[in-house]
Amino acid sequence: MAAGPERREARRFEPPPWERDRFEELAGRDREQERTAQDLPAAEEAPPTGEREDAASPERRAEPAPVGEKPPSAELDAMLLALKAEEPEALEGAWKVGLAAAVFMATLGLMLVVWGAVALARAGGAGAAGVMGSAIMTVMGALFAALGVWLGVRSLRQRGVL
């Protein structure tokens, strides 16, 4: 049996060049936090001193961000908002399609209403089946026309016309 292709090692993640300094800064913070976490058990074993307690206290360990620097989540939100502003609206021209469909449906509905009315006028000798068929055609035409009007009004409201 032939051996399959040899497995390659997984590629190591490399940040993009424009983000490299940010990643290095975060890695430095992580290393510092690990060192602090390693120092804490040793500090708990040793007799407490005022200076050691201040360094180990949560208020001292959590450094606030400098005044001019935004937290990473705020930077990310700002970048995403800027990208969203540059993108075209996804359904920008959909109102045109909706309006065209509305005109088509309303026209089809009116045609069915007219054909149903004409069939009802001619159905005098056709009996109950002719009357029922023409009535169904008229009702369906009225429903199509109403749906076309509703779709047209909705499309124009989305556009801001109505």
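Description of the structure in this document. (Residues numbered from 1 in each chain as written. Predicted model: local features only at pLDDT ≥ 70, side-chain atom pairs only at ≥ 80, totals over all residues. Heavy atoms only, no water.)

The number of helices and strands found in the protein chain is six helices and zero strands. Secondary structure elements in the protein chain, listed N-terminal to C-terminal, are α-α-α-α-α-α. Per-residue burial over the protein chain gives 12% buried out of 162 residues. Carbon and sulfur atoms provide 61% of the accessible area of the protein chain, an area that totals close to 13,800 Å². (Helix = DSSP H or I, 4+ residues; strand = E, 2+ residues; numbered from the N terminus. Buried < 20%, exposed > 50% of the residue type's maximum accessible area, 1.4 Å probe, protein only. Areas by Shrake-Rupley, 256 points an atom, 1.4 Å probe, with all protein chains shown as cover.)

Our next topic: the layout of surface pockets. Of the voids in this model, the second largest pocket is the one considered here, and its volume is about 200 Å³. Along the walls of the second largest pocket sit Leu91, Glu92, Ala94, Trp95, Gly98, Leu151, Arg154, Ser155, Gln158 and Arg159, which together make up its complete lining. If you list the elements that add at least two residues to the lining of the second largest pocket, you get α5 (94-122) and α6 (128-159). Per element, the largest residue contribution to the lining of the second largest pocket is five residues, and it comes from α6. Each residue belonging to the lining of the second largest pocket can be placed in one class, and the counts come to four nonpolar, three polar and three charged. (1 Å grid on protein atoms, 1.4 Å probe; cavity = no way out; pocket = protein on both sides within 12 Å on 5 of 7 lines; lining within 4 Å. Points joined across faces, edges and corners; volume = space filled by probe spheres on them. Nonpolar A, V, L, I, M, F, W, Y, C, P; charged D, E, K, R; others polar.)

A few words now on the packing of α5 against α6. In the contact formed by α5 and α6, the axes pass within 7 Å of each other and the chain directions differ by 160 degrees. Taken together, α5 and α6 sit at an angle that is classed as roughly antiparallel. When you trace α5 past α6, the crossing you get is left-handed. Partitioned by chemical class, the residues of the contact of α5 with α6 number 22 nonpolar, nine polar and one charged. (Axes fitted to C-alpha atoms, helices over the stretch in contact; angles between N-to-C directions. Parallel < 35°, antiparallel > 145°, perpendicular 65-115°, else oblique. Left-handed = near helix turned anticlockwise from the far one by under 90°.)

Enumeration over the complete set of coordinates arrives at two salt bridges. In this structure, the salt-bridge partner of arginine 22 is glutamate 25, at a minimum N-O distance of 3.2 Å. Here glutamate 25 and arginine 22 lie together in helix α1 (residues 20-45), a separation of three residues that amounts to about one turn. Since its relative accessible area comes to 15%, arginine 22 is described here as buried. For glutamate 25, a relative accessible area of 32% puts it in the partly exposed group. When the shortest N-O distance is used, the salt bridge between arginine 29 and glutamate 25 registers 3.0 Å. Within this pair, arginine 29 and its partner glutamate 25 are both found in helix α1, separated by four residues, close to a single helical turn. Judged by its relative accessible area of 38%, arginine 29 is partly exposed. Ionic contacts of the salt-bridge type, sharing partners, join the residues Arg22, Glu25 and Arg29 into one network. (Salt bridge = Lys/Arg side-chain N within 4 Å of Asp/Glu carboxyl O.)

Let us look at a nonpolar patch on the surface. A cluster of nonpolar side chains, namely Met132, Ile136, Val139, Met140 and Leu143, defines an oily patch on the protein surface of about 490 Å² accessible area. Relative to the helices and strands, methionine 132 resides in helix α6. (Patch = residues over 30% accessible without salt bridge, like charges linked within 9 Å, V, L, I, M, F, W, Y side chains within 5 Å.)

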